[in-house]
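Listed below, chain by chain, are the residues.
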Amino acid sequence: MNVFRPGNGKVQLSEAQIAARIRELGEQIKHDHAEQEPHLVCVLNGAFIFMADLVRAIDMPVTMDFLAVSSYGNAQQSSGEVELLKDLRMPIAGRQVIIVEDIVDTGITLNYLLRLLEARQPTSLKVAALLSKPSRRKVEVPIHYLGFEIEDAFVYGYGLDRGQFDRNLPFITSQA
Ligand code: 5GP
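All of the points below concern the structure found in this document. (Residues numbered from 1 in each chain as written. Predicted model: local features only at pLDDT ≥ 70, side-chain atom pairs only at ≥ 80, totals over all residues. Heavy atoms only, no water.)

What to know about the overall build of the chain
- Along the backbone of the chain there are 3 helices and 8 strands.
- In sequence order, the chain lays out its α and β elements as α-β-α-β-β-β-α-β-β-β-β.
- For the chain, the C-alpha radius of gyration of 16 Å lies close to 16 Å, the compact-globule estimate for 176 residues.
- If one aligns the C-alpha atoms of the chain with their principal axes, the spans along those axes are about 45 × 35 × 30 Å.
- When the 176 residues of the chain are sorted by exposure, 45% land in the buried category.
- Restricting the contact set of the chain to residue pairs at least 6 apart, pairs at least 24 apart contribute 67%.
- When the 18 basic and 22 acidic side-chain charges of the chain are each reduced to a single mean position, those positions are 3 Å apart. (Helix = DSSP H or I, 4+ residues; strand = E, 2+ residues; numbered from the N terminus. Rg over C-alpha atoms; globule rule 2.2 N^0.38 Å. Buried < 20%, exposed > 50% of the residue type's maximum accessible area, 1.4 Å probe, protein only. Contact = heavy atoms within 4.5 Å. Lys, Arg positive; Asp, Glu negative; His and termini not counted. Charge placed at Lys NZ, Arg CZ, Asp CG, Glu CD.)

Some points on the site of the ligand
- Near the ligand lie 17 residues; those nearest to it are Asp102, Thr106, Thr109, Val155 and Asp161.
- Glu101 places a side-chain nitrogen or oxygen 3.2 Å from an oxygen atom of the ligand.
- In the model, a nitrogen atom of the ligand is placed 2.8 Å from a nitrogen or oxygen of the Asp161 main chain.
- When the free accessible area of the ligand is taken as 510 Å², the share hidden by the protein chains comes to 94%.
- Of all the elements in the fold, those that place two or more residues in the shell around the ligand are β4 (96-104) and α3 (108-118).
- For the shell around the ligand, the element with the highest residue contribution is β4, accounting for 4 residues.
- Its residues assigned to classes, the shell around the ligand comprises 8 nonpolar, 4 polar and 5 charged. (Near = heavy atom within 4 Å. Polar contact = N/O pair within 3.5 Å; in protein donor to acceptor, adjacent residues only side chain to side chain. Areas by Shrake-Rupley, 256 points an atom, 1.4 Å probe, with all protein chains shown as cover. Nonpolar A, V, L, I, M, F, W, Y, C, P; charged D, E, K, R; others polar.)

Considering the packing of aromatic side chains
- Within this structure, the stated rule accounts for 0 aromatic pairs.
- Sitting over the ring of Tyr156, Arg162 keeps its end group 4.1 Å from the ring centre. (Phe/Tyr/Trp six-rings, centres within 6.5 Å; stacked < 30°, edge-to-face > 60°. Lys NZ or Arg CZ within 6 Å of the ring centre and 35° of its normal.)

Notes on the sheet that holds strand β3 (residues 84-86)
- One open sheet accounts for 6 strands, arranged β3-β2-β1-β4-β5-β6; its pairing is mixed. With partners counted over all chains shown, the strands left at the sheet margins are β3 and β6 (145-149), one partner each. Between one strand and the next, the sheet's axes are offset by a mean angle of 30 degrees, whatever the strand orientation.
- The pairing of strand β1 (residues 38-44) with β4 spans 5 bridges and is parallel. Bridge assignment links Leu40 to a residue of β4, and that residue is Ile98. (Pairing = 2+ DSSP bridges. Axes fitted to C-alpha atoms, helices over the stretch in contact; angles between N-to-C directions.)

Brief notes about the pattern of salt bridges
- The tally for this structure, following the rule as stated, stands at 8 salt bridges.
- In this structure, Lys30 and Asp59 form a salt bridge, with 3.8 Å as the shortest nitrogen-oxygen distance. Of the two residues, Lys30 is situated in helix α1 (residues 15-32) and Asp59 in the loop between α2 (48-56) and β2 (63-69); the sequence distance between them amounts to 29 residues.
- Lys30 sits in the partly exposed class, given a relative accessible area of 38%.
- Across the pair Arg56 and Asp53 runs a salt bridge, and its minimum N-O distance is 2.9 Å. Placement of the pair is Arg56 and Asp53 together in helix α2, with a separation of 3 residues, close to one helical turn.
- Taking the relative accessible area as the measure of exposure, Arg56 reaches 64% and is therefore exposed.
- Of the residues examined, Asp53 reaches a relative accessible area of 29% and is grouped as partly exposed.
- Each of Asp105, Lys133 and Arg136 takes part in salt bridges that share partners, so that together they form one network. (Salt bridge = Lys/Arg side-chain N within 4 Å of Asp/Glu carboxyl O.)

Quick look at the packing of α1 against α2
- Running from amino to carboxyl end, α1 crosses α2 at an angle of 60 degrees, the nearest separation of the two axes being 8 Å. In terms of orientation, α1 and α2 fall into the oblique class. Like other packed secondary-structure pairs, α1 and α2 cross with a definite hand, here right-handed. Where α1 abuts α2, its residues Ile22, Leu25, Gly26 and Ile29 lie against Phe50, Asp53 and Leu54.
- Here the contact of α1 with α2 is composed, by residue class, of 5 nonpolar, 1 polar and 1 charged. (Parallel < 35°, antiparallel > 145°, perpendicular 65-115°, else oblique. Left-handed = near helix turned anticlockwise from the far one by under 90°.)

As structure tokens, then:
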């Protein structure tokens, strides 16, 4: 059984396209953090593959930590409420923090995380997001390192789930 089959929707990002963009983001992050090592915060679950590839594209010492927020569950629409399921292990005061997100849709999750982490007084707080759907935005949020801007479609693969499955697809795809 071959499960690595793309959907027939408009958003299709190949393994090679994703890898090339992440190499560029890694170089940009290194360039912007010459004075102090960045501390990357992965937002579980969806960003775990992006995080793994991004940290390996940053050719300098970095530290990292993980937090988890409630996502859509098995639904394809956000409930509008965010719940912190797992907090960071390490303090971030005085650190140059980069939140690593899979996708910014309405912006509600990221807005919540920015407020939560800003209160802990990092030296700087930036955002790396693999994908952004600007047409869906309800809250304006900054994205300092963006992989790809995409149109409004439900995407999956490369860490993003479709009913908890398909996170292991090496590419990003959508259904028509
Ligand atoms: P937001 O709070 O910006 O509306 O949504 C952010 C979260 O919703 C993402 O971190 C992701 O978990 C989930 N999400 C938003 N759009 C999609 C999508 O197209 N596909 C998948 N699999 N998850 C999405």
